[in-house]
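Descriptive structure summary
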Amino acid sequence: MASTVVSNGDVLRSERIAGGILYKVLNTFDMVAIFVAIVLFITNSPGIAAAGPVAYIYLVAGFLTFLIPGAIVTGQLGRMFPKEGSIYVWTNKAFGPFWGFFAGFCAWWPGIFVIVVCGSLVSTFITDLFSRFGLSVLTQPWQLGLVILIVTAISFGLSIVRFRAAQNLVNIVFIAYGAAILLIGLAGLLWLVTGNAAHTNLAFNSGGWAITFGGTGNFTIFGFVILALLGIEVPLNMGVEVTSDRAVTRYLIWGPIVVMVAYLLTTFGVMIAVPASGQANVWAMVDAIHNGFGGAGQVLAVIVDVVMIGWGLYAALVYNYSFSRMLFVSGLDRRLPPVISKVNAARVPWVAVLVQSIIVVVIAIALYMVIPYIAGTNPANLANLMYYILFASITVIWCFSMIFQFIDVIVIRYKYHEAFAGARLAPDWVFYLASLLGLLASGVGLYATVSAPWVPTLINAQGWDIWIAGIVVLSLIAATTIYVIGHARIRDDVTDEQAIAASVGMAESA
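Parameters and conventions
- Positions within a chain are numbered from 1, following the residues in the order the chain's sequence is written.
- In keeping with the predicted nature of the model, local features appear solely for residues at pLDDT of at least 70, side-chain atom pairs appear and are counted solely at 80 or more, and the whole-chain, interface and lining totals rest on all residues.
- Hydrogens and water are ignored here; the side-chain numbers use all heavy atoms of the structure.
- Think of it this way: any DSSP run of H or I at least four residues long counts as a helix, any run of E at least two long counts as a strand, and we number them from the N terminus.
- The classification of residues rests on relative accessible area computed with a 1.4 Å probe and restricted to protein chains. Under 20% of the type maximum is buried, over 50% is exposed, and intermediate values are partly exposed.
- Two residues qualify as a contact provided that any one of their heavy atoms is within 4.5 Å of a heavy atom in the partner residue.
- Methods summary: accessible areas were calculated by the Shrake-Rupley approach with a probe of 1.4 Å, and residue burial reflects only the protein chains presented.
- The sign given to each residue is positive for Lys and Arg and negative for Asp and Glu; His and the chain ends receive no count.
- Charged side chains are reduced to one point each, which is NZ for Lys, CZ for Arg, CG for Asp and CD for Glu.
- To get an axis, a line is fitted to the C-alpha atoms, and for a helix only the part in contact is used. The angle between two axes follows their N-to-C directions and goes from 0 to 180 degrees.
- Any angle that falls under 35 degrees is termed roughly parallel, while one over 145 is termed roughly antiparallel, one within 65 to 115 roughly perpendicular, and all others oblique.
- In this scheme, a crossing is called left-handed if the near helix is turned counterclockwise away from the far one by less than a right angle; it is called right-handed if the turn is clockwise.
- Three categories are distinguished: nonpolar for Ala, Val, Leu, Ile, Met, Phe, Trp, Tyr, Cys and Pro, charged for Asp, Glu, Lys and Arg, and polar for the others, with Gly belonging to the last.
- By definition, a salt bridge exists where a carboxyl oxygen of Asp or Glu is found within 4 Å of a side-chain nitrogen of Lys or Arg.
- For patch detection, residues must exceed 30% relative accessible area and be free of salt bridges, and they are connected within 9 Å for like charges or within 5 Å for nonpolar side chains (Val, Leu, Ile, Met, Phe, Trp, Tyr).
- The predictor attaches a confidence to each residue, and that confidence, scored 0 to 100, is pLDDT.
- In this analysis, the expected span of each helix is defined as 1.5 Å times one less than the number of residues it contains.
- Two N or O atoms form a polar contact when they lie within 3.5 Å of each other; inside protein one atom must be a possible hydrogen donor and the other a possible acceptor, and for residues adjacent in sequence the pair counts only when both atoms belong to side chains.
- Any Phe, Tyr or Trp ring, taking Trp's six-membered ring, that has another such ring centre within 6.5 Å forms a pair; planes under 30 degrees apart are called stacked, those over 60 apart edge-to-face, and the others tilted.
- Throughout this description, the term charge over a ring refers to an Arg CZ or Lys NZ atom that lies within 6 Å of the ring centre and within 35 degrees of the ring normal.

With that settled, the discussion passes to the overall build of the protein. Each helix and strand in the protein was counted, giving 19 helices and zero strands. When burial is assessed residue by residue, the protein has 58% of its 510 residues classed as buried. Within the protein, residue pairs in contact and separated by at least 24 positions form 84% of the contacts whose partners lie at least 6 positions apart. Only carbon and sulfur atoms are counted for the fraction: they give 70% of the accessible area of the protein, which is about 18,900 Å². Between the mean site of the 21 positive side-chain charges and the mean site of the 20 negative ones, the protein shows a separation of 5 Å.

Structure (structure tokens):
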């Protein structure tokens with residue numbers, strides 16, 4: 001039966017028809033692998049470890065106030081509305097179409113920058129790999145930019161093939177990534193049992209456990225920890241592609257466990273086996289393996305460098321295909337041009353992936369091939385500074401979307417009380433507590449991010465805040481503008497069948 005979109009209704013067109021366009025392929029293991037790719041960037045561990053023993057306080061606080069509450073809230077919302085687009089759909093249910101689109105944008109936009117970061121990390125580990133043989137490569141920002149372009153092109157190509165094939169590749173790299181994480185933790189232990197003194201004093205009376213504030217304090221690390229835990233809801237961007245409801249709840253149990261153990265292990269390995277002067281380096285994890293494994297250290301370090309290069313590609317791939325689903329559903333709902341909801345013969349939204357990839361390419365060229373050479377400062381320093389500014393801006397914008405999510409669950413409990421009770425995963429007080437803790441952690445994380453620069457040697461606090469505020473404000477203005485333009489172009493006389501035909505197009509005959 002033909003039906004038309006109801007502009008102010010509870011049910012989005014994408015909720016009705018996305019499941020009939022995309023294939024169900026994701027099982028529990030797939031969802032855990034995706035969750036780890038999105039959330040677990042162990043390259044954050046050196047920056048966390050460099051803060052000293054107090055880093056464990058911030059990590060545990062982040063787990064208890066943000067990661068676990070976020071998993072609880074995501075599990076409930078995902079069970080009630082297992083649709084494509086996650087927070088875009090949930091916030092639409094709670095607050096209507098404008099805030100749904102706005103929250104969705106805040107959840108999608110950081111993913112673009114993270115793909116850039118994935119490319120830069122691939123460059124970092126290529127450089128480290130060659131340095132272990134005495135060779136110096138990729139020393140200029142434009143070369144780093146070129147690597148990002150190549151990584152983006154590879155992630156685009158793999159994101160538009162048959163989804164099951166792409167996910168199988170992701171799962172293989174996920175296993176190798178897990179093995180590398182275990183080696184990093186083991187390196188710290190071996191460093192100690194072979195009679196070496198720990199490079200970080202973990203004694204409680206040493207003073208390294210104190211929380212300090214201000215421009216030279218360590219409190220800003222909590223904002224970095226929140227960044228390291230963002231993305232809990234992203235696997236449910238592909239809600240209709242999950243094979244069973246149990247896969248949703250299971251990934252939200254096993255995924256956070258893997259993330260918590262991995263961050264604790266890698267932070268420990270870096271703290272123990274790497275001198276304090278080198279702990280902040282992204283490649284410090286590989287240094288830990290080199291130092292901790294003695295004679296085998298060089299060989300294992302090379303292997304882990306290769307694994308980390310593969311991991312950068314793996315993360316870029318997952319970010320590209322998972323975040324493209326946000327554009328896909330916006331195209332179905334006509335918040336964006338309908339062409340963006342086009343799928344290919346493998347029923348993958350290839351136009352959405354292409355649009356994302358083009359945006360990443362433009363950003364990479366601007367940040368690494370243009371700005372560093374016209375800004376009148378050291379190109380390498382500026383490229384490094386822009387990396388941290390982008391990461392901090394990601395934290396702020398992504399935290400906005402998480403604030404919506406922690407509020408969504410309470411509003412939805414009231415608006416859909418019967419459905420909520422029927423799908424309830426825990427007593428109501430658990431959701432109130434999770435929401436409160438999540439909101440507090442998000443707020444504190446935002447404050448910690450802007451309270452002091454992550455790289456005080458490259459920028460002062462005022463310049464740090466101006467850059468972050470500029471990127472965030474321009475991003476939010478862009479989101480509002482896109483919504484207004486898209487809302488004005490919505491046609492209520494388009495049936496679901498016509499929308500499906502526009503999405504599938506030539507793919508149906510193929």
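With that out of the way, let us pick up the packing of helix 2 (residues 28–39) against helix 10 (residues 245–273). Running from N to C, helix 2 and helix 10 cross one another at 40°; their axes reach a closest spacing of 8 Å. Taken together, the axes of helix 2 and helix 10 lie oblique to each other. Considering the relative orientation of helix 2 and helix 10, their crossing is right-handed. Contacts between helix 2 and helix 10 involve T28, M31, V32, F35, V36 and V39 from the first element and R246, A247, R250, Y251, W254, G255, P256, V258, V259 and Y263 from the second. Here the contact of helix 2 with helix 10 is composed, by residue class, of twelve nonpolar, two polar and two charged.

A few words on the pattern of salt bridges. Within the structure shown, the criterion is met by nine salt bridges. Taking the shortest distance from any N to any O, the salt bridge between K93 and E15 comes out at 3.0 Å. Linking K93 in helix 5 (residues 87–95) with E15 in helix 1 (residues 13–21), this pair joins segments that are 78 residues apart in sequence. For the pair K93 and E15, one class covers both residues: buried. Across the pair R325 and E241 runs a salt bridge, and its minimum N-O distance is 2.9 Å. Taken together, the residues span a long stretch of sequence, with R325 in helix 12 (residues 297–332) and E241 in the loop between helix 9 (220–229) and helix 10 at a distance of 84 residues.

This next bit is on a nonpolar patch on the surface. A cluster of nonpolar residues, W142, L146, I150, I154, L158, L169, I365, V370, Y373 and I374, forms a patch on the protein surface that exposes about 850 Å² of accessible area. When contributions to the nonpolar patch are tallied by element, the ones reaching two or more residues are helix 7 (141–159) and helix 13 (350–374). Ranked by residues supplied to the nonpolar patch, first place goes to helix 7 with five residues. Here L169 is to be found in helix 8 (residues 163–193). The partly exposed category is assigned to L169, whose relative accessible area is 37%.

As a further point, take the environment of F125. Mapped onto the elements, F125 comes out in helix 6 (residues 97–131). On the basis of relative accessible area, F125 is assigned to the buried category, the value being 0%. In this structure, the C-alpha to C-alpha distance between F125 and A421, residues 296 residues apart in sequence, is 49 Å. Beyond its immediate stretch of four places on either side in the chain, F125 contacts T43, V282, W283, M285, V286, D305, M308 and I309.

On to the environment of W350. Relative to the assigned elements, W350 resides in helix 13. Judged by its relative accessible area of 33%, W350 falls in the partly exposed class. Ignoring any residue separated from it by four or fewer positions in sequence, one finds W350 in contact with F156, I160, K342, V343 and N344.

In this section: the confidence of the model for the protein. In this model, the protein carries an average pLDDT of 88, and 94% of its residues clear a pLDDT of 70 or more. Per-element mean pLDDT across the protein ranges from 51 in helix 19 (residues 506–509) up to 95 in helix 8. Overall, residues 1–9 carries pLDDT values under 50, and its contacts beyond four positions in sequence, including any with other chains, amount to 24 contacts.

With a phi close to 40°, S86 is a non-glycine residue in the positive phi region. In this fold, S86 is placed in the loop between helix 4 (54–80) and helix 5. Relative accessible area serves as the criterion here: at 1%, S86 is assigned to the buried category.

A few words now on the packing of helix 2 against helix 8. The N-to-C vectors of helix 2 and helix 8 enclose an angle of 65°; their axes lie 9 Å apart at closest approach. Note on packing geometry: the crossing formed by helix 2 with helix 8 is left-handed. Across from F29, D30, V32, A33, I34 and V36 in helix 2, the residues of helix 8 making contact are R164, Q167, V170, N171, F174, I175 and Y177. Its residues assigned to classes, the contact of helix 2 with helix 8 comprises nine nonpolar, two polar and two charged.

Here the focus is helix 6. Compared with an ideal rise of 1.5 Å per residue, which puts 35 residues at 51 Å, helix 6 spans 51 Å between its outermost C-alpha atoms and is within 8% of the ideal. Counting buried positions along helix 6 yields 28 of 35 residues, so the element is predominantly enclosed.

For the rest of this paragraph, the subject is helix 1. Among the residues of helix 1, R13, S14, E15, I17, A18 and I21 are the ones counted as buried. Residues of helix 1 that are buried sit in contact with helix 5, helix 12 and helix 18 (496–504).

Quick look at the side chain of T220 now. Structurally, T220 can be placed in helix 9. With a relative accessible area of 9%, T220 lands in the buried category. Among the polar contacts listed, one links the side chain of T220 to the backbone oxygen of A448, at a separation of 2.8 Å. Once residues lying within four places of it in the same chain are set aside, the contact partners of T220 are A448, T449, S451, A452 and W454.

Attention now moves to the packing of aromatic side chains. Summed over all chains, the structure comprises 29 aromatic pairs. Seen in terms of ring centroids, Y177 and Y314 are 6.3 Å apart; in terms of plane orientation they differ by 65°. Their pairing is edge-to-face. Here Y177 is found in helix 8, whereas its partner Y314 is found in helix 12, with 137 residues between them in sequence. By the burial criterion, Y177 is buried, and Y314 matches it. Here the basic side chain of R325 rests over the ring of F163, its NZ or CZ set 4.9 Å away from the ring centre. Across from the ring centre of Y414, 5.1 Å away, lies the NZ or CZ of R413, which sits over that ring.

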